[in-house]
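# A closer look at the structure
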Amino acid sequence: TVTMSSKSSSASSATMLASNSARKGATFYNDDANPLYLRTDGSAATASIGGYTVKIASGAYYELPVGANGGIYQGAITGIWSAAGSSGVSISEST
């Protein structure tokens with residue numbers, strides 16, 4: 001099952017996906033003009049070095065990687081943009 005959602009861009013950290021023990025995959029497409037910074041440890045994301053896991057440029061796509069044990073991160077994922085814009089992120093979560 002795939003669940004689609006979206007979040008509007010914001011210069012404040014927000015939850016992109018809540019923890020989900022049934023998660024089998026997730027993708028993020030940044031449709032905003034500003035970069036999106038995702039953090040995959042459940043803490044609040046920041047746009048500073050050490051405050052994010054991956055930076056997604058405008059128009060770019062990110063897919064959660066499969067770990068060495070074949071699993072995928074199932075905890076909360078937060079995000080923040082470098083500045084609030086006029087669009088946001090499209091999210092697909094597979095369970």
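Refer to the structure above for everything that follows.
Treat the numbers as computed from the prediction; the structure is a model and nothing was measured. (Residues numbered from 1 in each chain as written. Predicted model: local features only at pLDDT ≥ 70, side-chain atom pairs only at ≥ 80, totals over all residues. Heavy atoms only, no water.)

## Quick look at the overall build of the protein chain
Looking only at helices and strands, the protein chain has zero helices and eight strands in total. If you list the helices and strands of the protein chain from N to C, you get β-β-β-β-β-β-β-β. Rg of the C-alpha trace for the protein chain: 12 Å, near the compact-globule value of 12 Å for 95 residues, within the 12% margin. With the C-alpha coordinates of the protein chain rotated into their principal frame, the extents come out at 35 × 25 × 20 Å. Scored against the burial criterion, the 95 residues of the protein chain give a buried share of 39%. Of the contacts made within the protein chain by residues no fewer than 6 positions apart, 80% connect residues no fewer than 24 positions apart. Of the roughly 4,900 Å² that the protein chain leaves accessible, carbon and sulfur atoms contribute 50%. (Helix = DSSP H or I, 4+ residues; strand = E, 2+ residues; numbered from the N terminus. Rg over C-alpha atoms; globule rule 2.2 N^0.38 Å. Buried < 20%, exposed > 50% of the residue type's maximum accessible area, 1.4 Å probe, protein only. Contact = heavy atoms within 4.5 Å. Areas by Shrake-Rupley, 256 points an atom, 1.4 Å probe, with all protein chains shown as cover.)

## Brief notes about the sheet that holds strand β8 (residues 88-94)
With respect to topology, four strands assemble into an open sheet ordered β1-β8-β3-β6, the strand pairing being antiparallel. Pairing within the sheet leaves two strands with one partner each, and these edge strands are β1 (2-8) and β6 (61-63). Strand-to-strand, the axes of this sheet are offset by a mean angle of 15°, without reference to chain direction. (Pairing = 2+ DSSP bridges. Axes fitted to C-alpha atoms, helices over the stretch in contact; angles between N-to-C directions.)

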